[in-house]
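Fold and geometry: a report
Each chain, written out:
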Amino acid sequence: MGSASNDQQNLSACFPARLLDGYQQFRSGRLVEEQMRYQELSEIGQSPEIMVIGCCDSRVSPEVIFDAKPGELFVVRNVANLVPPYTPDGAQRAVSAALEFAVQALRVKHIVVLGHAQCGGIRAFAEEGKPLSPGDFIGRWMEMIAPAAAMLGARGNEPMGTYLARLEQASMVKTLENLMTFPCVRILVERGKLQLHAAYFGVATGGLSVLHNESGAFRPVAQAEHANVLAEPRF
Ligand SMILES: [Zn+2]
């Protein structure tokens, strides 16, 4: 016969303590502050204006980096923040489904591809490591990096660190191109109703760089000018 408190103890015994502690903090802190916002969002639904396509990496949480409130960012995360090109072949595609929902149902105004330094997915591709499993899901997923790597050419004598940073950024440019292969994205971009951006987070420094349209280079965002830089669309 399990009492309510026994049930609670059983739950506490197997559910990660870190999450239970964090939830208690959330309940007594942020939830109290944002109770009205949650209530309102539950009634009117979400209407985020920004979609972020980020990496699964635990150090690069878009909500943390951009100090986002509930309902502000529509986030999809995958290994190395990639978007496959448009392929309407009937296969289940998580990124394409999220993208379609963000663009056609939520009508987001911006899509930000958020890459980062020391990306394990990019490194796995560059180092051509042994498959982690017989299915080798990562290896096949990371094949999407190949066009960006081809764009850079052979690494030659370049130090691995700088090469990986260039590959991380080249891959994001390719991801923006892949986004434009989706008819629903292209149409809205061409009508000026949707803007695509790329941003690169330096894990060690916390610095953020944004892809500059004219120069094609990533430029660090200074405190006062970020609004202008982010306002500039890639396409
Ligand atoms: Zn990553």
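All of these numbers come straight from a predicted model, not from anything done at the bench.

1. So, the overall build of the chain
- Counting its secondary structure elements, the chain contains 12 helices and 6 strands.
- In terms of overall dimensions, the chain has a C-alpha envelope of 65 × 45 × 45 Å along the principal axes.
- When the 235 residues of the chain are sorted by exposure, 26% land in the buried category.

2. Topic: unusual backbone geometry
- Phi at Asp67 takes a positive value of approximately 50°, unusual for a residue other than glycine.
- Tracing the chain through its elements places Asp67 in the loop between α5 (62-65) and β2 (73-78).
- Here Gln118, not a glycine, exhibits a phi torsion of approximately 55°, which is positive.

3. Details of helix α2 (residues 17-28)
- End to end, α2 covers 17 Å across 12 residues, agreeing with the expected 16 Å (1.5 Å per residue, within 8%).
- Within α2, only 0 of the 12 residues are buried, leaving the element largely exposed.

4. Considering the environment of Ala222
- Structurally, Ala222 can be placed in the loop between β6 (218-220) and α12 (226-230).
- Given 11 C-beta atoms within a 10 Å radius, Ala222 is considered exposed.

5. Quick look at the sheet that holds strand β5 (residues 208-211)
- With mixed pairing, the 6 strands of this open sheet are ordered in space as β2-β1-β3-β4-β5-β6. A strand with exactly one partner marks an edge of an open sheet, and here the two such strands are β2 and β6. For this sheet, the mean inter-axis angle between neighbouring strands, taken without regard to orientation, is 25°.
- Pairing between strand β1 (residues 50-55) and β2: 6 bridges, direction parallel. What sits directly across from Ile50, in β2, is Leu73.

6. Side note on the nonpolar core
- Of all hydrophobic cores here, the largest spans 47 residues; its most connected members are Met51, Ile53, Ile111, Leu114 and Ala199.
- Aside from chain neighbours lying at most four places away, what touches Met51 is Phe74, Ala102, Val108 and Ile111.

7. As for the domain arrangement of the chain
- When cut into domains, the chain gives domain 1 (1-33) and domain 2 (45-230).
- Between the C-alpha centres of domain 1 and domain 2 the distance comes to 34 Å.

8. Observations regarding the pairing of strand β3 (residues 110-116)
- The element β3 is largely enclosed, with a buried count of 6 among its 7 residues.
- Here β3 pairs with strand β4 (residues 195-201) via 7 bridges, running parallel. Pairing of Val113 across the sheet is with Ala198, part of β4.

9. A closer look at the pairing of β4
- Counting buried positions over the 7 residues of β4 gives 6, a clear majority of the element.
- Sheet topology note: the β4/β5 ladder contains 3 bridges and is antiparallel. The residue of β5 that forms the bridge with Phe201 is Leu208.
- Hairpin connection of β4 to β5: 6 residues between the antiparallel strands, including Gly206 at a positive phi of 80°.

10. A look at the packing of helix α7 (residues 120-127) against helix α10 (residues 160-179)
- Following both chains from N to C, one finds α7 and α10 inclined at 110°, their axes separated by 10 Å at the closest point. Viewed along their axes, α7 and α10 adopt a mutual orientation that is roughly perpendicular. By crossing handedness, the relation of α7 to α10 is classed as right-handed. Touching Ile122, Arg123 and Ala126 of α7 are Tyr163, Leu164, Leu167, Glu168 and Ser171, all from α10.
- Here the contact of α7 with α10 is composed, by residue class, of 5 nonpolar, 1 polar and 2 charged.

Conventions we followed
Here the residue index of a chain counts from 1 through its sequence in written order. Residues qualify for local features only when their pLDDT is at least 70, as the model is predicted, and side-chain atom pairs are given and counted only at 80 or more; totals for whole chains, interfaces and linings, by contrast, use all residues. A run of H or I in DSSP counts as a helix once it spans at least four residues, and a run of E counts as a strand once it spans at least two, with each numbered from the N terminus. Exposure classification rests on a simple neighbour count of other C-beta atoms within 10 Å of a residue's own: a residue reaching 20 or more is buried, one at 12 or fewer is exposed, and one in between is partly exposed. C-beta atoms are placed from the backbone. Given the number of residues in a helix, its expected span is that number minus one, multiplied by 1.5 Å. One requirement defines pairing of two strands: DSSP has to find at least two bridges between them. The axes are straight lines fitted to the C-alpha atoms, using for helices just the contacting stretch, and the angles between their N-to-C directions are given from 0 to 180°. Only buried Ala, Val, Leu, Ile, Met, Phe, Trp, Tyr and Cys residues enter a nonpolar core, and they are joined through C-beta atoms within 7 Å. Here contacts are defined at the residue level, using C-beta atoms placed from the backbone and a cut-off of 7 Å between them. An automatic or database domain assignment provides the domain bounds reported here. Here the angle decides the label: under 35 degrees means roughly parallel, over 145 means roughly antiparallel, 65 to 115 means roughly perpendicular, and every other value means oblique. By the definition used in this description, the sense in which the near helix is turned from the far one sets the handedness, with an anticlockwise turn below a right angle giving left-handed and a clockwise turn giving right-handed. When residues are sorted by character, Ala, Val, Leu, Ile, Met, Phe, Trp, Tyr, Cys and Pro go into the nonpolar class, Asp, Glu, Lys and Arg into the charged class, and all the rest, Gly among them, into the polar class.

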